[in-house]
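Coordinate inspection notes
Spelled out from the first residue to the last, the chains are:
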Amino acid sequence: MAIFIIARAAFGYMFLVLMVRVVGRRPGKQLTPFEFVLIFYLGGLTLTGMVGSEGSLTNAITQIITVALCHYVLSYLRFRFTTFAKILDGTPLVLMEKSTWRTETLKRVNIQDDDVMHVARQQGIKDLSGIKTAVLESFGEITIVPSRVDEEEKSDPPSSSQ
Amino acid sequence: MPDPETNPVVDSVPKVNEIAVGEDLAFQRKWWRFERIIWLLFVVILVCDLLGLFGRGWFSKAKCSTPDHALTVDYQRIERASTPSTLTLHFDPSSVQDRHIVVFVSNGLIKSLGARRISPQPAISALSEGGVTYTFDVRSAPTIVEIRLQPQMPGEYAFRIQTAGNAPIRRTVLVVP
């Protein structure tokens, strides 16, 4: 029945969104080979259940439209309601501030100080003392605010910027 | 006059260490608690699956017989949609009459549970009220007949199997998605 084809597509999409959200964020701008395996394997397994033995073009088109519609609805709800956006994406998390690690956050998101230092090195920061604040963004990237910005601001008198 | 399509910038993002981060640790702690429940639920689902609560396992296997044990049926009390399985009929020598076994199988098994193939092939298949009556030639007993099932839709389906002159076996199968 057509309703089951659409229901399967919608369920598959929603379930994958939940799975990816629960599996958690990993730091980095690019997918690691480890994450490639996860994404492709999850996608492939979901496809088996969504399509089943019914491989017609009509089914494919209705399922693609269903997934697109689900995505649009989630995007709209995310834009409209702040709480929904937090549920869907999470919030940015401070990993380090004022030379203090947020150990609870690091433990929960499975991030080590090495991961933070890896990103810091890319910005030319030599050691952890050069970091003012490290933030894990909701899209998985670690943002570093270097402490030298503060130092430069202090060393430059206000008149020098004019 | 203010432009209706623009708004002045309001510094609304919560700050941490003077930086607008937008962290909501209270929400995040609730989410982490939810994640722990979800991971626990995933483990429970896998354990249930291994035990056969969703079919194809120890819990789903079932066996039933007529009171005189002329017919015994091995089947899955929980089936999975679009997944093949086998229902086996074990016939006792007492169910053989004139070197024939006559067995009635209801439409619940033929249509709803998707009977695809019956092995061995019956000598005669005759349409009856509410099902099909199969007649098998028998040279030696006990005899086994296998019916390959592949239910298409989830739901709860009742079936009836009966040999000539014996009490029927009535059972219900749950088909999960």
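Keep in mind that this is a model prediction, so the values were computed, not measured.

Remarks on the pattern of salt bridges
One pass over the structure, following the stated rule, counts 7 salt bridges over all chains. We note a salt bridge from Lys86 of chain A to Asp24 of chain B, for which the minimum N-O separation is 2.5 Å. Highlighted residues: Lys86 of chain A in helix 4 (residues 82-89) and Asp24 of chain B in the loop between strand 2 (19-20) and helix 1 (25-51), drawn from two different chains. Among the salt bridges present, the one from Glu104 of chain A reaches Arg29 of chain B, with a minimum N-O distance of 2.8 Å. In this pair, Glu104 of chain A is assigned in helix 5 (residues 103-108) and Arg29 of chain B in helix 1, connecting two distinct chains. Classification of Glu104 of chain A by relative accessible area gives partly exposed; the value is 29%. Since its relative accessible area comes to 38%, Arg29 of chain B is described here as partly exposed. One connected set of salt bridges, linked through shared partners, spans Glu97 and Arg102 of chain A together with Glu23 of chain B.

Remarks on the domain arrangement of chain A
Domain parsing of chain A yields domain 1 (2-89) and domain 2 (93-154). The centre of domain 1 of chain A, based on its C-alpha atoms, is set 31 Å off from the matching centre of domain 2 of chain A.

Regarding the side chain of Asn59 of chain A
As for its placement among the helices and strands, Asn59 of chain A is situated in helix 3 (residues 57-80). Once residues within four sequence positions are removed from consideration, Asn59 of chain A is found in contact with Ile5 and Glu54 of chain A.

Points about helix 2 (residues 33-51) of chain A
Residues and elements named next belong to chain A. Given a rise of 1.5 Å per residue, 19 residues ought to cover 27 Å, and the 27 Å separating the end C-alpha atoms of helix 2 matches this to within 8%. Glu35, Leu42, Thr46 and Met50 are the residues of helix 2 that are buried. Along the axis of helix 2, the buried residues cluster in a sector spanning 65°; they form a single face. When the buried face of helix 2 is taken as reference, the exposed residues oriented beyond 90 degrees from it are Pro33, Phe34, Val37, Phe40, Tyr41, Leu45 and Thr48. Tucked into the core, helix 2 has its buried residues touching helix 1 (2-23) and helix 3. Phi turns positive, to about 60°, at Gly52, one or two residues after helix 2.

Some thoughts on the packing of helix 1 of chain A against helix 1 of chain B
Each pair of packed helices can be described by the angle between their axes along with the distance between the axes. At a closest axis distance of 10 Å, the pairing of helix 1 of chain A and helix 1 of chain B adopts a crossing angle of 115°. One finds that helix 1 of chain A runs roughly perpendicular with respect to helix 1 of chain B. For the crossing formed where helix 1 of chain A meets helix 1 of chain B, the hand is left-handed. Residue-level inspection shows Leu18, Met19, Arg21, Val22 and Val23 of chain A of helix 1 of chain A in contact with helix 1 of chain B, the latter providing Phe27, Trp31, Phe34, Glu35, Ile38, Trp39 and Phe42 of chain B. Per-class residue counts for the contact of helix 1 of chain A with helix 1 of chain B are 10 nonpolar, no polar and 2 charged.

So, the packing of helix 3 of chain A against helix 4 of chain A
All names here are of chain A. Interaxial distance between helix 3 and helix 4 falls to 5 Å at its minimum, and their mutual angle equals 125°. The pairing of helix 3 with helix 4 is recorded here as oblique in orientation. Here Leu74, Leu77, Arg78 and Arg80 of helix 3 come into contact with helix 4, specifically with Thr82, Phe84, Ala85, Leu88 and Asp89. When grouped by side-chain class, the residues that make up the contact of helix 3 with helix 4 number 5 nonpolar, 1 polar and 3 charged.

Thoughts on the sheet that holds strand 13 (residues 169-176) of chain B
Residues and elements named next belong to chain B. Here 6 strands make up an open sheet; going across it, the order is 5-13-12-7-10-9 and the pairing mixed. Only two strands of the sheet have a single neighbouring strand rather than two, namely strand 5 (78-80) and strand 9 (124-128). Recorded for the sheet is a direction-independent mean angle of 25° between the axes of neighbouring strands. With 3 bridges joining them, strand 7 (residues 100-106) and strand 12 (residues 155-163) adopt antiparallel strand pairing. In the sheet register, Phe104 faces strand 12, and the bridge partner there is Gln162.

Cut-off values and rules
Residues numbered from 1 in each chain as written. Chains lettered and ligands numbered in written order. Predicted model: local features only at pLDDT ≥ 70, side-chain atom pairs only at ≥ 80, totals over all residues. Heavy atoms only, no water. Salt bridge = Lys/Arg side-chain N within 4 Å of Asp/Glu carboxyl O. Helix = DSSP H or I, 4+ residues; strand = E, 2+ residues; numbered from the N terminus. Buried < 20%, exposed > 50% of the residue type's maximum accessible area, 1.4 Å probe, protein only. Domains from an automatic or database assignment. Contact = heavy atoms within 4.5 Å. Expected span 1.5 Å × (residues − 1). Arc of directions from axis to C-beta. Axes fitted to C-alpha atoms, helices over the stretch in contact; angles between N-to-C directions. Parallel < 35°, antiparallel > 145°, perpendicular 65-115°, else oblique. Left-handed = near helix turned anticlockwise from the far one by under 90°. Nonpolar A, V, L, I, M, F, W, Y, C, P; charged D, E, K, R; others polar. Pairing = 2+ DSSP bridges.

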